[in-house]
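The lines below spell out each chain.
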Amino acid sequence: MVVAEPLLVASAVSKHYGGIAALEEVSLQVRPGEVHCLAGENGSGKSTLIKVISGVETPDSGSITMDGKSFARLTPRQAISLGIEVIFQDFSLFPNLTVAENIAMATYVAGGRRTVRPRTLRRIAAEVVSRIGVQLDLDARVEDLSVADRQLTAICRALARDARVIFMDEPTTALTWREVEALFAVVRSLKDSGVALVFVSHKLEEVLRVSDRITVLRNGVVAVTGDVSRFDRAAIVAAMTGRAFTETSPADSARAGAPPVLEVDQLSLRGYFEDVSFLVHQGEVLGVTGLLGSGRTEIAEALFGIIPADHGTVRVDGKPVRLRSVHDAIRAGIGYVPSDRLTQGVFLDQTISLNVIAGSIDRLVGRGNLLRRGKAQQMVERAAAELRIRMSSASATVRSLSGGNQQRVVLAKWLVRNPHILILNSPTVGVDVGSKHEILEMLRAKGRDGMGIIVISDDVPELVAVCHRVLVVRRGRITDELTGERLTEEAIVKELVA
Amino acid sequence: MRPLAPALRPLPLDRLRGPNNEGVLVVSIVVLSLVVGAVDSSFWSVRTLLNIGSASLENVVFAMAVLIVIISGGIDVSFMAIGIFAGYGVIVLTGSTGFGASSAWVGFVLAAGIGVLLGSLNAAAIAGLRLPTLIVTLGTQGIIRGAMLAYVGSKVIPNYPQGLDRLSTDYLFTASSSAGDTRLNILIIPAVLICLLVSLLLRYTTLGRGIYAIGGDAESARRAGFRVAGTQVFIYLFAGLLAGVAGMMHVTQVRLANPYELVGGELDVIAAVVLGGTSIFGGKGSVSGTVLGVVLIALIKNSLILLGVPGTWQRATVGLLLLIGVSAQALSARVRRRHVDFLAQASA
């Protein structure tokens, strides 16, 4: 095979923030028509590298070469005109405008045109959409689209500006299984037309299936780079973390005799889920999985009183409880770690200590309803030690922490309350491999202490590793329960897509 | 298994409503007219039409200024202060210097210029210093009104320069009845032209689409290459210009330049813009919806008089309408989100 000349080369790029090196002599080569996986834990320098290449950040040294032309630094406009596009996780679309406008507007702006003809916009958009062979309603407003269609819109917009290298940040995170397949079909057709794609992702299994080459960053330097076929999963994980893990440690045997902590009987919420019944025993980790929109998140939100159910009963420790509000749920001993921790789980700009005690203020007040600082500090110290939160001080803001440590703060907030039941929604999304391992280990330990734990996730290896039982939700109903021998990755995937 | 997601047709209400609430407004206007007409048959007359036209013609121009600002994700409460400063200021200026006294159009050009100048205060603070729009315009409202009363004048002026005096009695229509004459000023024509101009600007220019883009997501607009600060400068200068012209229209129509008027009347205009389907969160809104909103408010105020409701209740009614408009937006956004959830569920 003839190796194509690289299209984009970043060579020996360094970038320091204050005294800390975010990138140290990092080099990356992207060839035309290849899919390149850029992997690395949070804080390894992936985002900084993308920012340097797309002109958002200026490198301290090194160069970026596109089409043989070298640049010491780029501006965002220059990068775009060279054909370098970045699709961020939030897609940077205009929710209030139509798909056609989102796709074609940027070409208008770049061309310096003053007037807009809706028909021309639509034609440009239709042409791009048909080029990659997808179906998009050009007249729909982007806010009415599914996440997958928004992503396609962002890809089309990049193509409308003649993108030749497209960086995609965590492209599969918010997609259902089917949508990931559809995305990969688009990726293949882009490859054939010579466009290079760089995937930045934590979800290695998925991304590696379509990647040709991989570059792994660790602590700001390139750990390894090469053809994907040369590495197995364990080798990549080792390169990312610098440690070796056995990712799938089997869960300890379920406690069959233990009494149930949570009994859910025929819970229903019109339009979302129906007749949902299950038990969680003391010390059990129960997995709940299903595609996006299957009702899995709504079941959790109903149990936490966010969207109260219409019918059915819930018992905690044998006593029936009313769950009409979050307040009810907390009083009943239920905790909930939402999937979107940044907007729902933490106060980003508050200190770590305030975040940890935020859910337990009622237990920390003494006479006259005043906060007892000593007791609060003890609580924070204990939680930080137990969860191994890596922080400079407890008075640092949560924003200053990495994704894995932010998630630990969210967990700490609940664990200090010692709930009877803890529900975790996608607890390891956006969390690096090392932290993920520790978080799962901690959940298992909490289970052994007698807490009932429900993990909602579509990360199949994670479910198999940590759960005693897994329930599969489809179109608002529990369609299967997998335990013991039947609890395998293949079985879950088969049930999910059936 | 019973499917949980119902059929995914667009909700019938959506189709009636149109992209910016226009359908609901037309229905409201028709129903209100029928009700008022049933109670008091004198409603069905050319007079009513001319009254509403007169009441709307300056407000619709103010509303265009507010519309542009709200679409961009901001809010403006200084437009009435700019309007009265410009209108009253021109009367004082031409009265004392005699400059341009013979031509009404010179007066309007001057008012527009004053509007742009005062709008530049907003532009500098909002685009330059990146301050929040509500606070900035609240501040400039106070500054502009205070400066006018201190330096321009605080007396009511009944004598108009020749040009504006002539224009103020230049009527397009006159309806005579036993109760006296009702008239519609020729200024309705430039008001309509301004609406058309703003509509074209918003729909068919890169600048206009940029205003929607900024209102949708300012950071995305920056990444897409829109000049956000530059667009904001334009928005507040243009809003100032429109407010100046509208203020001049007001002063011309009432034939009595009173510096204590207009400020305090922001509610009517903002309520009209919001009822017209303009999203208070930015990014959505249309000229047609806004015009209908202005007409609806004028109609309601006119009807309250016909129905014998005390004038003191007008303000409360308009305030209530503003809240209804905002609630309708919030509720329909919630319904839409559920709808999208259903779509996701069905495709899963």
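On a predicted model such as this, the values are computed, not experimentally measured, just so you know. (Residues numbered from 1 in each chain as written. Chains lettered and ligands numbered in written order. Predicted model: local features only at pLDDT ≥ 70, side-chain atom pairs only at ≥ 80, totals over all residues. Heavy atoms only, no water.)

Colleague: Could you give an account of the sheet that holds strand β7 (residues 165–169) of chain A, with specific residues and numbers?
Modeller: All names here are of chain A. As summarised here, the arrangement of the six strands in space is β6-β7-β8-β3-β9-β10, forming an open sheet in which the pairing is mixed. One side of each edge strand has no neighbouring strand; the edge strands of this open sheet are β6 (84–87) and β10 (221–227). Neighbour-to-neighbour, the strand axes of this sheet turn through a mean angle of 15 degrees, independent of strand direction. Alignment of strand β3 (residues 35–40) against strand β8 (residues 196–200), held across four bridges, turns out to be parallel. Paired with V35 across the bridge in β8 is L197. In the packing of helix α1 (residues 46–53) onto the sheet, contacts are made with β3, β6, β7, β8 and β9 (213–218), and the angle to β3 comes to roughly 135 degrees. Set on the sheet, helix α8 (residues 233–241) makes contact with β3, β9 and β10; between it and β9 the angle comes to about 30 degrees. (Pairing = 2+ DSSP bridges. Helix = DSSP H or I, 4+ residues; strand = E, 2+ residues; numbered from the N terminus. Axes fitted to C-alpha atoms, helices over the stretch in contact; angles between N-to-C directions. Contact = heavy atoms within 4.5 Å.)

Colleague: Explain the domain arrangement of chain A residue by residue, including any values.
Modeller: Domain boundaries in chain A define domain 1 (8–241), domain 2 (249–333 + 419–498) and domain 3 (345–417). A straight line from the C-alpha centre of domain 1 of chain A to that of domain 2 of chain A covers 35 Å. (Domains from an automatic or database assignment.)

Colleague: How would you summarise the sheet that holds strand β5 (residues 69–71) of chain A if you had to cite specific residues and measurements?
Modeller: All names here are of chain A. An order of β2-β1-β4-β5 is seen for the four strands of this open sheet, with the pairing classed as antiparallel. Unpaired on one side and paired on the other, β2 (20–30) and β5 mark the two borders of the sheet. With strand direction ignored, the average angle separating the axes of adjacent strands in the sheet is 20 degrees.

Colleague: I'd like a description of the nonpolar core, backed by residues and values.
Modeller: In terms of nonpolar packing, the biggest core is built from 103 residues, with B:V198, B:L242 and B:M249 touching the most fellow members. With 15 residues, the single largest contributor to this core is helix α3 (residues 46–71) of chain B. In this structure, A:V261, A:L323, A:I352 and A:A412 belong to the second largest nonpolar core, which totals 76 residues. (Core = buried A, V, L, I, M, F, W, Y, C linked by side-chain atoms within 4.5 Å. Buried < 20%, exposed > 50% of the residue type's maximum accessible area, 1.4 Å probe, protein only.)

Colleague: Please set out the pairing of strand β13 (residues 285–289) of chain A residue by residue, giving values where relevant.
Modeller: Residue and element names in this part refer to chain A. Along β13, five of the five residues are buried, which leaves the element largely enclosed by surrounding structure. Neither face of β13 is open: one carries V285, G287 and T289, the other L286 and V288, and all of them are buried. Looking at chain direction, β13 and strand β18 (residues 452–456) are connected through four bridges and run parallel. Directly across from G287, in β18, lies its bridge partner V455. Where β13 lies against strand β19 (residues 469–474), four bridges are found, and the strand directions are parallel. Each residue of the ladder has a partner; that of T289, found in β19, is V472.

Colleague: Before we move on, could you go through the packing of aromatic side chains and cite the residues and values that matter?
Modeller: Each aromatic ring pair is summarised here by two numbers: the centre-to-centre distance and the angle between the ring planes. A full pass over the atoms with the stated rule returns eight aromatic pairs over all chains. Taken together, a centroid distance of 5.5 Å and an interplanar angle of 40 degrees make the contact between A:F304 and A:Y336 tilted. A residue pair is termed long-range when its members are at least 10 positions apart, and A:F304 in the loop between α9 (296–303) and β14 (311–316) and A:Y336 in strand β16 (residues 334–337) qualify at 32 residues. Centroid distance B:F43 to B:W44: 5.2 Å. Interplanar angle 80 degrees. Geometry classified as edge-to-face. We classify B:F43 as buried; its relative accessible area is 5%. By way of ring pairs, the aromatic residues A:F304, A:Y336 and A:W414 are connected into one cluster. The ring of B:Y212 is capped by B:R209, whose NZ or CZ atom sits 4.5 Å from the centre of that ring. (Phe/Tyr/Trp six-rings, centres within 6.5 Å; stacked < 30°, edge-to-face > 60°. Lys NZ or Arg CZ within 6 Å of the ring centre and 35° of its normal.)

Colleague: Can you lay out the side chain of B:S33 for me, pointing to particular residues and giving the numbers?
Modeller: Secondary-structure assignment places B:S33 in helix α2 (residues 22–39). When neighbours within four sequence positions are excluded, B:S33 is seen to be in contact with B:F43, B:W44 and B:L299.

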